[in-house]
Amino acid sequence: MDRRETYMVGCGDVAVRYMRRRHAARDAAFFLPHLKPEMRLLDCGCGPGTITVGLAEAVAQGQVVGVDLEESQIEAARQTARQHGAANVEWRVASVYQLPFPDRSFDAVFSHALFEHLGEPAAALEEIRRVLRPGGLTAISSPDWSGNLMAPRDPDVEQAIQVYKAIQQRNGGNPYVGRDFGRLLQEARFSRIALSAIYDCYEDAPLVAELLAQRIEEGVGKQIVAGPGLGRAEVGGLCRALRQWAKQPAVLFAQTFVDAIGYVDA
Ligand SMILES: C[S@@+](CC[C@H](N)C(=O)[O-])C[C@H]1O[C@@H](n2cnc3c(N)ncnc32)[C@H](O)[C@@H]1O
């Protein structure tokens, strides 16, 4: 399988619980107005498929294919489809860099929370473009960590987030990819580009804090992170601070996502 970077979020219980809270009405809201009931859609990096099944509802007379690099996520997605009674969706293990579909075979390609993990986003967009028919569109959404809003302010929590971002970069990803979407889509020759941004406000702050703390601990375990004066003990302290911070009665963890649409000329 085509792996060009390390997907640091992994497929553990906390990661999958965190993904499962997502749904099309919110996380694909920017894409839904572009859909028609008979369209054929592809969702790249579909994870447990909770957004994908909502897209399948939106194209009730069409067809949706969800692809993910991880077999375990495709299994989880099959389960999601069974729970939702989604009959017009199928699932494939595949990489966004090497989609197992002919040229011009989809009306639209969606991808949520994948591009921040990719070392070669331009290559992924070229491959997405290859499978789109003329007149088709792509809709991509990823965080840009520069826009996050975390309250109450806590310097240790802010430092923990810096460490998380450094680990993501060392793994080949880009925590600021959202702001690059306009340029990337232009370079991949998409037109009628539309950019917007939303806050994803995590209703379960302890869950997102746990996910981030685990990734930081793993990064330290693999010695892929160390800033000046930041040893294992200091990073352990930052993770404890992050978990404690999230348990407070009034916490805001708001993450900026950039949403982008681009069309292939007809
Ligand atoms: C953060 S999850 C997002 C899942 C889902 N789209 C959502 O927003 O809930 C990213 C997913 O992309 C998958 N992934 C990572 N690299 C990939 C690649 N090169 N091609 C396809 N999927 C990939 C991971 O296995 C993971 O399931």
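Look up a bit, the structure's there.
1. With respect to the overall build of the protein chain
Next up, step 1: A tally of regular secondary structure across the protein chain gives nine helices and eight strands.
Next up, step 2: For the protein chain, whose C-alpha radius of gyration is 18 Å, the value lies close to the compact-globule estimate of 18 Å for 266 residues.
Next up, step 3: The burial tally for the protein chain puts 43% of its 266 residues in the buried class.
Next up, step 4: Nonlocal contacts in the protein chain, meaning residues at least 24 apart in sequence, comprise 81% of its contacts between residues at least 6 apart.

2. Brief notes about the pairing of strand β8 (residues 252-263)
Next up, step 1: Of the strand pairs in this sheet, strand β5 (residues 132-143) and β8 are connected by seven bridges, and their pairing is antiparallel. Looking at β8, one finds that Pro 143 is bridged to Phe 257.
Next up, step 2: Relative to β8, strand β6 (residues 149-151) is paired through three bridges, and the arrangement is antiparallel. Note on β8: the bridge partner recorded for Ala 151 is Leu 252.

3. Re the environment of Trp 145
Next up, step 1: Looking at the element boundaries, Trp 145 is found in the loop between β5 and β6.
Next up, step 2: In this structure, the C-alpha to C-alpha distance between Trp 145 and Gln 255, residues 110 residues apart in sequence, is 6.9 Å.
Next up, step 3: For Trp 145, the residues in contact, after removing those within four places along its chain, are Lys 165, Pro 175 and Tyr 176.

4. Here's the deal with helix α9 (residues 232-246)
Next up, step 1: Taking 1.5 Å per residue, 15 residues should reach 21 Å; α9 reaches 21 Å between its end C-alpha atoms and fits that length.
Next up, step 2: Within α9, the full set of buried residues consists of Val 235, Leu 238, Cys 239, Leu 242, Trp 245 and Ala 246. One side of α9 holds all its buried residues, which, seen down the axis, span an arc of 125°.

5. What to know about the site of the ligand
Next up, step 1: Surveying the vicinity of the ligand reveals 21 residues, the closest of which are Gly 45, Gly 47, Leu 69, His 112 and Ala 113.
Next up, step 2: Partitioning the shell around the ligand into residue classes produces twelve nonpolar, six polar and three charged.

6. Let's talk about the packing of helix α3 (residues 50-58) against helix α4 (residues 71-84)
Next up, step 1: Running from N to C, α3 and α4 cross one another at 45°; their axes reach a closest spacing of 9 Å. Classified by the angle their axes make, α3 and α4 are oblique. For α3 against α4, the interelement crossing comes out right-handed. Along the contact surface, α3 presents Thr 50, Thr 52 and Val 53, while α4 presents Ala 77, Thr 80, Ala 81 and His 84.
Next up, step 2: Grouping the amino acids of the contact of α3 with α4 by side-chain chemistry returns three nonpolar, four polar and no charged.

7. What to know about the nonpolar core
Next up, step 1: In terms of nonpolar packing, the biggest core is built from 52 residues, with Leu 41, Leu 42, Leu 55, Ala 108, Val 109, Phe 110 and Ala 139 touching the most fellow members.
Next up, step 2: Looking at this core element by element, the count peaks at five residues for α3.
Next up, step 3: Once you skip the residues sitting within four places of it in the chain, Val 109 turns out to touch Leu 42, Cys 44, Ile 128, Val 131, Leu 132 and Thr 138.
Next up, step 4: By size, the runner-up hydrophobic cluster in this structure holds 25 residues, among which are Ala 15, Tyr 164, Leu 212 and Ala 213.

8. Section: the packing of helix α6 (residues 155-170) against α9
Next up, step 1: Running from N to C, α6 and α9 cross one another at 115°; their axes reach a closest spacing of 8 Å. In this structure, the crossing between α6 and α9 has a hand that is left-handed. Residues Asp 156, Val 157, Gln 159, Ala 160 and Val 163 of α6 pack against Val 235, Leu 238, Cys 239, Ala 241, Leu 242 and Trp 245 of α9.

Reading guide: rules and limits
- Residues numbered from 1 in each chain as written.
- Predicted model: local features only at pLDDT ≥ 70, side-chain atom pairs only at ≥ 80, totals over all residues.
- Helix = DSSP H or I, 4+ residues; strand = E, 2+ residues; numbered from the N terminus.
- Rg over C-alpha atoms; globule rule 2.2 N^0.38 Å.
- Buried ≥ 20, exposed ≤ 12 C-beta atoms within 10 Å, placed from the backbone.
- Contact = placed C-beta atoms within 7 Å.
- Pairing = 2+ DSSP bridges.
- Expected span 1.5 Å × (residues − 1).
- Arc of directions from axis to C-beta.
- Near = placed C-beta within 6 Å.
- Nonpolar A, V, L, I, M, F, W, Y, C, P; charged D, E, K, R; others polar.
- Axes fitted to C-alpha atoms, helices over the stretch in contact; angles between N-to-C directions.
- Parallel < 35°, antiparallel > 145°, perpendicular 65-115°, else oblique.
- Left-handed = near helix turned anticlockwise from the far one by under 90°.
- Core = buried A, V, L, I, M, F, W, Y, C linked by C-beta atoms within 7 Å.

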